[in-house]
Amino acid sequence: MCLLAVCKERPLTYAEFTNAWTSNPHGAGFGWVEHGKCVARKGMMEHLKAWDEYQHIGRNLPHVAHFRRASVGPVNPHLTHPFQVSYTSPLALEYCSSNPLLFHNGTWTEWKNAMMLIELLSGPRAGDLSDTRVMAIYLSRAGVEKIHSIGEKAAVVTPRGIVHSGAFTEESGVLFSNGSYGKGYVFPTSIYSTPPEPLWGFPWMHHLAMLHPEYAGDACLCAPFEPLCAHHLV
């Protein structure tokens, strides 16, 4: 499903970033415009390392942050977003050029049909595929403006700025594609056969509570970890 955040006026807070990661734990990527070029860093697969990186990236406004929850394609750094809008859409983890960058929230059901047409015209693409990578290849020929007719939640970083499509919720200068940046969010069970764990029930949250006592009451959900929680230490 993923979470897509278009940060127009401010970067994500630590709580928003952590909530987003916990609900969408399959890697993160970021994109922005710098000196007229589209810049991307992706493939960050560990929460705290990704947050450290974001401290530098978040200073570039506006920017787009994406947290992946895999639905099409394997879990690996190369299938984190964004994807280059080009006819090859290479899977580089760092990028700086004039080609736009595509971020997506959802599952594009037409991706197989689109890929079949692309392969008939010019052969298969190297590397793993996801619906969003196929969408990026499609937009490289159809034009970025076609993002509005695809019917998906998406954002495209272009040298002239950020274009977004679909229903977003604005929260103090950030556009969010769904509510998984909020504490306690759980994805609808209709999407997944096995419901995800409660958002703040992950063991590493107890480590976080030691560093940030204000989260201790929310983190303490599992009895075996009680001795680690900040409010059990005071």
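None of these values were measured; they are calculated from a predicted model.

(A) Representation of the packing of aromatic side chains. Considering all chains together, one arrives at 9 aromatic pairs under this definition. Taking the centre distance of 5.4 Å and the plane angle of 35° together, the rings of Phe 17 and Tyr 54 count as tilted. With Phe 17 in helix α1 (residues 14–23) and Tyr 54 in helix α2 (residues 47–57), this pair connects stretches of sequence that are 37 residues apart. For the ring pair Phe 176 and Tyr 181, a centre distance of 3.7 Å and an interplane angle of 10° mean the geometry is stacked. No difference in accessibility class separates Phe 176 from Tyr 181, as the two residues are buried.

(B) Region of interest: the pattern of salt bridges. A complete count under the given rule lists 5 salt bridges for this structure. A salt bridge links Lys 8 to Glu 170; the shortest N-O distance between them is 3.4 Å. Here the residue Lys 8 occupies a position in the loop between β1 (3–7) and α1, and Glu 170 occupies one in strand β10 (residues 169–171), the gap between them amounting to 162 residues. Here Glu 46 ties to Lys 49 by a salt bridge, and the two come within 3.7 Å at their closest N and O atoms. Exposure remark for Lys 49: the relative accessible area of 56% places this residue in the exposed category. By sharing partners, the salt bridges in this structure join Arg 41, Glu 53 and Glu 94 into a single network.

(C) How the structure looks around the sheet that holds strand β5 (residues 83–84). Pairing is antiparallel in the open sheet, where 4 strands are placed in the order β5-β7-β8-β9. Strands at the two margins of the open sheet, each flanked by one partner only, are β5 and β9 (161–165). Where β5 and strand β7 (residues 101–105) come together, 2 bridges link them in antiparallel fashion. If you follow Gln 84 over to β7, its bridge partner there is Leu 101. In the packing of helix α4 (residues 131–142) onto the sheet, contacts are made with β5 and β7, and the angle to β7 comes to roughly 135°.

(D) A look at the sheet that holds strand β4 (residues 63–67). Strand order in the open sheet formed by 7 strands is β6-β3-β2-β4-β1-β11-β10, with antiparallel pairing between adjacent strands. Each edge of the open sheet is held by one strand with a lone partner, namely β6 (94–97) and β10. Shown here is a sheet whose adjacent strand axes are inclined to one another by a mean of 15°, direction ignored. Sheet strands touched by α1: β1, β2 (28–34), β3 (37–44), β4, β10 and β11 (174–176). Its angle to β4, the strand with the most contacts, is close to 40°.

The rules behind the values
- Residues numbered from 1 in each chain as written.
- Predicted model: local features only at pLDDT ≥ 70, side-chain atom pairs only at ≥ 80, totals over all residues.
- Heavy atoms only, no water.
- Phe/Tyr/Trp six-rings, centres within 6.5 Å; stacked < 30°, edge-to-face > 60°.
- Helix = DSSP H or I, 4+ residues; strand = E, 2+ residues; numbered from the N terminus.
- Buried < 20%, exposed > 50% of the residue type's maximum accessible area, 1.4 Å probe, protein only.
- Salt bridge = Lys/Arg side-chain N within 4 Å of Asp/Glu carboxyl O.
- Pairing = 2+ DSSP bridges.
- Contact = heavy atoms within 4.5 Å.
- Axes fitted to C-alpha atoms, helices over the stretch in contact; angles between N-to-C directions.

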